[in-house]
Amino acid sequence: MSRRALTLMVAGFLTLVLGIVGTLLPVPYVVLSPGPTENTIGDVKGTPVISIEGRPTYPTDGKLSLVTVAYQGGPGSRIDLFTALRGWVDPTIAVVPEETIFPPATTAEEVEEQNTQEMTNSQDDATAAALTELKIPYASFVTVAATQKGLPAHGRFDQGDEIVSVDGVAAKDRETVSEAVRKHKAGEQVTFVVRRGGRDTTVTVPTVASADGTPIVGISMAVGYRFPFEVNINVGDVGGPSAGMMFSLGIVDKLTPGAMTGGKAVAGTGTINPEGEVGPIGGIQQKMVGAREAGATVFLTPADNCAEALAAVPDGLRLVKVKTLHEAVQALDAVRTGSGTVPACSAG
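Here, residues in each chain are numbered from 1, in the same order as that chain's written sequence. A pLDDT threshold of at least 70 governs which residues receive local features in this predicted model, and a stricter bar of 80 or more applies before side-chain atom pairs are shown or counted, although totals over entire chains, interfaces and linings include all residues. To obtain the side-chain values, all non-hydrogen atoms of the structure were used and water was disregarded.

### So, the pairing of strand S10 (residues 189-196)
- Two strands pair when backbone bridges link them, and strand S8 (residues 162-166) and S10 are joined in this way by four bridges, in the antiparallel orientation. Bridging from a neighbouring strand, Ser 165 pairs with Val 193 of S10.
- When DSSP finds two or more bridges between two strands, those strands count as paired. Numbering of helices and strands runs from the N terminus, with a helix taken as a DSSP run of H or I at least four residues long and a strand as a DSSP run of E at least two residues long. Bridging between S10 and strand S11 (residues 199-206) involves eight bridges; their strand directions are antiparallel. Each bridged residue has a counterpart across the sheet, and for Arg 196 the counterpart in S11 is Arg 199.
- If you look at the hairpin formed by S10 and S11, you'll find two residues sitting between the two strands, and Gly 197 has a positive phi there, around 65°.

### As for the packing of aromatic side chains
- To pair, rings of Phe, Tyr and Trp, with the six-membered ring standing in for Trp, must have centres within 6.5 Å; the planes then decide the type, stacked if under 30 degrees apart, edge-to-face if over 60, and tilted in the middle. Summed over the entire model, instances satisfying the criterion amount to four aromatic pairs.
- Centroid distance Tyr 138 to Tyr 225: 5.9 Å. Interplanar angle 65°. Geometry classified as edge-to-face. Placement of the pair is Tyr 138 in the loop between helix H4 (108-133) and strand S7 (139-147) and Tyr 225 in strand S14 (residues 219-226), with a sequence separation of 87 residues.
- With relative accessibility at 27%, the residue Tyr 138 sits in the partly exposed group. Relative accessibility decides the category of a residue: with a 1.4 Å probe and only protein chains considered, values under 20% of the type maximum give buried, values over 50% give exposed, and everything between is partly exposed.

### Describing the side chain of Thr 127
- Mapped onto the elements of the fold, Thr 127 is located in helix H4.
- We classify Thr 127 as buried; its relative accessible area is 3%.
- Think of a polar contact as two N or O atoms within 3.5 Å of one another; within protein, one of them needs to be a possible hydrogen donor and the other a possible acceptor, and neighboring residues in sequence only count if both atoms come from side chains. Here Gln 123 takes part through its backbone oxygen, which lies 3.0 Å from a polar atom of the side chain of Thr 127.
- Setting aside anything within four residues of it in sequence, one finds Thr 127 in contact with Phe 227, Val 231 and Ile 251. The contact criterion used is simple: two residues touch if any of their non-hydrogen atoms lie within 4.5 Å.

### Topic: the environment of Met 245
- Examined against the element boundaries, Met 245 turns out to sit in helix H6 (residues 244-255).
- With 33 residues separating them along the chain, Met 245 and Val 278 place their C-alpha atoms 6.7 Å apart.
- Once you skip the residues sitting within four places of it in the chain, Met 245 turns out to touch Thr 269, Gly 270, Thr 271, Ile 272, Val 278, Leu 300, Val 322, Leu 325 and Ala 328.

Structural data, given as C-alpha cells:
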C-alpha cells in the first residue's frame with residue numbers, strides 16, 4: 001500500500017471515529033414526543049380519574065381524554081446529537097432548545113415541582129369552572145402560596161395562610177390584596193388578618209420598593225376554594241396546567257344525566273380558569289398525534305392553538321375550536337346529536 005493511500009485510509013478512519021463520537025456528545029436540546037392519554041371519565045389502574053362524593057353522579061360513556069407530551073433531555077440528562085438528529089427528521093417529534101422547557105438557573109427537580117403545583121392548581125380551577133358552568137355556588141379565597149427570602153413577609157406568614165383582610169379591607173381576590181399593598185409607600189406598615197389553623201391572626205409587615213419602585217411585602221398568592229361537595233382527581237405522574245379543560249368536562253359529564261360524548265372518543269387540551277375561559281398550551285402537535293393513536297376522532301382545540309394545529313393535524317382527527325368551557329359543552333352536544341354548530345379551527 002502506498003504512503004498516500006495509507007494516509008487517506010487513516011484520515012478517513014479518524015473522520016469516521018470523530019463523526020461517531022460527535023453524534024454521542026450531549027447537546028442542549030430537549031425532545032418532545034407524544035405522551036400517554038388518560039380518559040377523564042375512566043379509570044387509572046382501577047381508580048376513577050374523577051371521583052365525586054356528596055353529590056349525585058350519572059353514568060358516562062365514551063372518552064374525554066386528556067393528552068400529554070413526554071420529554072427527553074434537560075439539565076443533568078442531556079440527549080446526544082444522534083437523538084436530536086433523529087428527532088428533527090420525525091414529524092411527530094419536536095426538538096427544542098433546552099431553555100424552552102428549563103429556564104436558566106433552574107433544575108429538572110424545580111421544573112417538576114412547578115409542574116406538579118400547576119397540575120394541582122389546574123384541578124381546583126377545573127372544578128370551579130365546572131361548577132360555574134353548572135351554576136352550582138362555591139366560595140373562593142386568597143391564600144399565601146409562598147414568601148420570598150429577604151423580604152418582610154418571609155418568616156411572618158405560613159404557606160396556606162388564608163388572607164382575610166388587608167388594612168381592614170376584605171381580601172376578595174388577589175388583585176384586591178395587591179392593590180391594598182400598593183397604596184402604601186415603601187417602609188409603611190401593612191396590616192394583614194390571616195386565618196391559620198382555624199383562628200384569625202393579625203400580621204403587620206412593612207413594604208419595600210421592588211426593582212421598578214412598586215411597594216411589595218414579598219408574598220406570592222394563590223386562590224383556594226370551598227366546594228359544596230368533594231371532587232378528587234387522580235392522574236398519576238402527570239404535571240402542568242394543560243389538562244384543565246378536560247377535567248372540567250369530565251366533572252360536568254359526571255354531574256349531568258346522559259353521556260356527553262355519545263360514546264365517541266373525544267380528546268382535547270387547554271388550560272382553564274374559574275370563569276371557564278380556555279387558554280393555549282404547548283406541544284399541540286405531539287398531543288394531537290397521541291390523541292389519534294389512542295383512537296380519538298374529535299379533538300377540542302384552544303382557539304389560540306388552531307393555526308398551529310391545522311398545520312399538522314393527523315388524518316381522521318376533527319379539530320373543534322373552543323374559547324370557553326361553555327362552548328366546549330355546546331360543541332360536544334352538537335357532535336353527539338348532529339344538530340347545531342360545531343366551531344372548526346381555521347387558519348385565520
